Amino acid sequence: YIGLMINGTGGHQVNESQQNLGSGDVVFLEAGVGTFRTFGRFVWENYGLLGVGHVKNDLEWTVRESPGTTGKIEADFLRFGLQPSLAWRSRHFDAIASLRLSGLKHSNISGNLVFDHTNQVAYLDSIGNQFLLEPALTIRAGRDPLKLSLQMGSSRNLTHENFHQVDNVASLAVVYTKRRAR
């Protein structure tokens, strides 16, 4: 069988404390195609994924430490990867374990941000492709075709261990699954 996957996210975060005034934005859209096979209540899936996004940070507090900078950076990014998963599914409950291996490439990097004594534009320009290992556990409950989904995952940068990134994520969603007519 053939499956399609579409993922998207967007966010805005603000830190208004006196010491760490700043904000950040991200938008990301990803799509993939894959195959899946059922074995009773178990489903094995493999997807190839491709995504694009944009990230922007405005860290005003860094200007105090690095006068003459703006504290701002933004970049586009491309993410590509493979995601196998194994699921146990029932009419009212699903449990899914997945392990994504992704490549990440930043481009169109602009700004003037010095963070941790490092020019972040030059840093992103210099690191090239990064590779990420991202395991996740997803629990779904409800009644087909609609289920409430909770996903918890982590991300480990295999290329640059000290790269500043979000290491753990959680998401809540409503999932619609279109079943084939039998």
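Our subject is the structure that appears above.
As a starting point, this report considers the structure included with it. (Residues numbered from 1 in each chain as written. Predicted model: local features only at pLDDT ≥ 70, side-chain atom pairs only at ≥ 80, totals over all residues. Heavy atoms only, no water.)

1. Topic: the pairing of strand β4 (residues 72–89)
Bridge analysis of strand β3 (residues 42–58) against β4 gives 17 bridges, and the strand direction is antiparallel. Opposite Lys56, over in β4, you have Glu74 as the bridge partner. In the sheet, β4 pairs with strand β5 (residues 93–111) via 14 bridges, with the strands oriented antiparallel. Looking across to β5, one finds that Leu82 is bridged to Leu101. Joining the antiparallel neighbours β4 and β5 is a turn of three residues. (Pairing = 2+ DSSP bridges. Helix = DSSP H or I, 4+ residues; strand = E, 2+ residues; numbered from the N terminus.)

2. Some thoughts on the side chain of Thr69
Its location among the elements puts Thr69 in the loop between α1 (62–65) and β4. Using a relative accessible area of 14% as the deciding quantity, one classes Thr69 as buried. At 2.6 Å, the side chain of Thr69 and the backbone oxygen of Ser66 are in polar contact. (Buried < 20%, exposed > 50% of the residue type's maximum accessible area, 1.4 Å probe, protein only. Polar contact = N/O pair within 3.5 Å; in protein donor to acceptor, adjacent residues only side chain to side chain.)

3. What to know about the pattern of salt bridges
Evaluated as defined, the whole model comprises six salt bridges. Between Glu30 and Arg79 there is a salt bridge, with its nearest N and O atoms 3.4 Å apart. Here Glu30, found in strand β2 (residues 22–39), pairs with Arg79, found in strand β4; they are 49 residues apart in sequence, far enough to count as distant. In this structure Glu30 comes out as buried when scored by relative accessible area, which is 3%. Across the pair Glu30 and Arg100 runs a salt bridge whose closest N-O atoms are separated by 3.0 Å. Here Glu30, found in strand β2, pairs with Arg100, found in strand β5; they are 70 residues apart in sequence, far enough to count as distant. Per residue, the accessibility class of Glu30 equals that of Arg100, and both read buried. Each of Glu30, Arg79, Arg100 and Glu134 takes part in one network of salt bridges that share partners. (Salt bridge = Lys/Arg side-chain N within 4 Å of Asp/Glu carboxyl O.)

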